[in-house]
Amino acid sequence: MEVSDVPSPAEDAEPRAVSVSILKGGVGKSTISVNLADRLAARGHDVLFIDLDPNGHASYGLGYESAYKGDLSIGDILLNGDDVTFGDVIYPTDFGFDVLPSSGSLEMVESKLKNVSFGDVRLRQRLVEPLLGDEYEYIVIDSPAYRGKLSDNGLVATQNMILPLTPERESLAGFKRTMERQIQPIREQIGLNILAITPNRLGSRIDQRTMDRKLVEDLNRNFPEHVPEYARITPEEFEKIDDGEIVPLPKPGIRNRSAVSEAFSEGKPLGQYAPENDQVECFDELARIVEVGGTNHD
Ligand SMILES: Nc1ncnc2c1ncn2[C@@H]1O[C@H](COP(=O)(O)OP(=O)(O)OP(=O)(O)O)[C@@H](O)[C@H]1O
Ligand SMILES: [Mg+2]
């Protein structure tokens, strides 16, 4: 990467924590959260990535298999705060951000959290409040795909979320489910901001009646304020697209790219595996959205 290409932080950047979360599996939560952490770090910030999903996909992806199987883990912070230090469970990486891996014991931790007092605010009190704005400017959490004590802890701790959606039949149903079952109940207690709703794994034309077209059009019609610039297509632009007036056709992101999944299986963020890949700028845009707390358009 040329020095002039190194992204710089937004002027109004402020420390923030964010969960990449939706009650649906396999839509890119781990991929997006790892790449978001990478781009925030590339923009010069101190960043902590937390894998809060008991499946540990991101931890395995980043090479933390032995930590996942190890003794001390995030569960000890959540349940036995006094016996464990941050240094016991947080690992520096070669990527420029620190990692707090998941653990094979997290499912058990989750069921124990049901029986402790204030079990939803543990992550916030014991980790995010002490570290955010002090040790780290940004904390990015990869959430489980189901509602439970862990995903609730993530949302309560960050109070900010990014939701990924893939172009499938009923793709907005995952968003609606998350809204009704998780976002609204939490909002009755505390603030919870949606920083962005991003499409992921787009691959087909948007001038035909494809799933991509439906997802991108639905998002832009219903939630324009949450759509990142790389996927923003106004209703007027869709009309022009249908009239053949916009050539070449826009290719909104985040696109389905083999480099994205290859990077993940090679244990690297995309920006380091394939810095020239055209989707890196999508993750950079998400990083900018997290810096400033939203998309800046309505
Ligand atoms: N933009 C993309 N291009 C290509 N492959 C992708 C892209 N985004 C995600 N994938 C692949 O899709 C699969 C699911 O992605 P990922 O693991 O990030 O989803 P998830 O929501 O975290 O899943 P889970 O709920 O199982 O934890 C992975 O194999 C990943 O490499
Ligand atoms: Mg995952």
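Structural data are supplied above this passage.
Residues numbered from 1 in each chain as written. Chains lettered and ligands numbered in written order. Predicted model: local features only at pLDDT ≥ 70, side-chain atom pairs only at ≥ 80, totals over all residues. Heavy atoms only, no water.

### Describing the overall build of the protein chain
Point 1. Within the protein chain one finds 14 helices and 6 strands.
Point 2. By the compact-globule yardstick of 19 Å for 298 residues, the protein chain fits well, its C-alpha radius of gyration being 19 Å.
Point 3. Dimensions of the protein chain, computed from the C-alpha atoms along their principal axes, are close to 65 × 45 × 35 Å.
Point 4. Scored against the burial criterion, the 298 residues of the protein chain give a buried share of 55%.
Point 5. Long-range pairs, those at least 24 residues apart, make up 76% of the contacts in the protein chain between residues at least 6 apart in sequence.
Point 6. Approximately 13,500 Å² of the protein chain is accessible, and the part contributed by carbon and sulfur atoms is 43%.
Point 7. The averaged location of the 51 negative side-chain charges in the protein chain is 8 Å from the averaged location of its 31 positive side-chain charges. (Helix = DSSP H or I, 4+ residues; strand = E, 2+ residues; numbered from the N terminus. Rg over C-alpha atoms; globule rule 2.2 N^0.38 Å. Buried < 20%, exposed > 50% of the residue type's maximum accessible area, 1.4 Å probe, protein only. Contact = heavy atoms within 4.5 Å. Areas by Shrake-Rupley, 256 points an atom, 1.4 Å probe, with all protein chains shown as cover. Lys, Arg positive; Asp, Glu negative; His and termini not counted. Charge placed at Lys NZ, Arg CZ, Asp CG, Glu CD.)

### Re the site of ligand 1
Point 1. Around ligand 1 sit 19 residues in total, of which K29, S30, T31, R201 and R255 are the nearest.
Point 2. Here an oxygen atom of ligand 1 and a backbone polar atom of V27 are 3.0 Å apart.
Point 3. Measuring from an oxygen atom of ligand 1, one finds a side-chain N or O atom of T31 at 2.5 Å.
Point 4. Judged by the proximity of its atoms to the pocket grid, ligand 1 belongs to the largest pocket.
Point 5. Breaking the shell around ligand 1 down by element, the ones donating at least two residues are α1 (29-42) and α12 (258-265).
Point 6. In the shell around ligand 1, the residues fall into 4 nonpolar, 10 polar and 5 charged. (Near = heavy atom within 4 Å. Polar contact = N/O pair within 3.5 Å; in protein donor to acceptor, adjacent residues only side chain to side chain. 1 Å grid on protein atoms, 1.4 Å probe; cavity = no way out; pocket = protein on both sides within 12 Å on 5 of 7 lines; lining within 4 Å. Sits in = over half its atoms within 2 Å of the grid points. Nonpolar A, V, L, I, M, F, W, Y, C, P; charged D, E, K, R; others polar.)

### Thoughts on the environment of P167
Point 1. By secondary structure assignment, the location of P167 is in the loop between β5 (160-165) and α9 (171-187).
Point 2. For P167, a relative accessible area of 17% corresponds to the buried category.
Point 3. For the pair formed by P167 and K214, sequence separation is 47 residues and the distance between their alpha carbons is 7.7 Å.
Point 4. Among residues more than four places away in sequence, those in contact with P167 are N200, R201, L202, M211, D212 and L215.

### Section: the layout of surface pockets
Point 1. Counted as a void, the largest pocket has a volume near 360 Å³.
Point 2. In terms of lining, the largest pocket is formed by 19 residues, of which the most central are G26, V27, G28, K29 and T31.
Point 3. Of all the elements in the fold, those that place two or more residues in the lining of the largest pocket are α1 and α12.
Point 4. Tallied by class, the residues present in the lining of the largest pocket amount to 4 nonpolar, 10 polar and 5 charged. (Points joined across faces, edges and corners; volume = space filled by probe spheres on them.)

### Considerations on the pattern of salt bridges
Point 1. Tallied over the full model, the rule gives 16 salt bridges.
Point 2. The residue D242 makes a salt bridge to R213 at a minimum N-O spacing of 2.9 Å. Taken as a pair, D242 in helix α11 (residues 235-242) and R213 in helix α10 (residues 211-222) lie far apart in primary sequence, 29 residues in all.
Point 3. Take D242: its relative accessible area is 44%, and that puts it in the partly exposed class. (Salt bridge = Lys/Arg side-chain N within 4 Å of Asp/Glu carboxyl O.)

### As for empty space enclosed by the protein
Gaps between atoms show up when a probe of the same size as a water molecule is rolled over them.
Point 1. Scanning all chains against the criterion turns up 1 cavity of 30 Å³ or more.
Point 2. Within this model, the largest cavity holds a volume of roughly 40 Å³.
Point 3. Taken together, A67, L72, S73, I74, V89, Y91, L100, P101 and S102 make up the lining of the largest cavity.
Point 4. Here the residues of the lining of the largest cavity sort into 7 nonpolar, 2 polar and no charged.

Any link to function would need more than the numbers given here.
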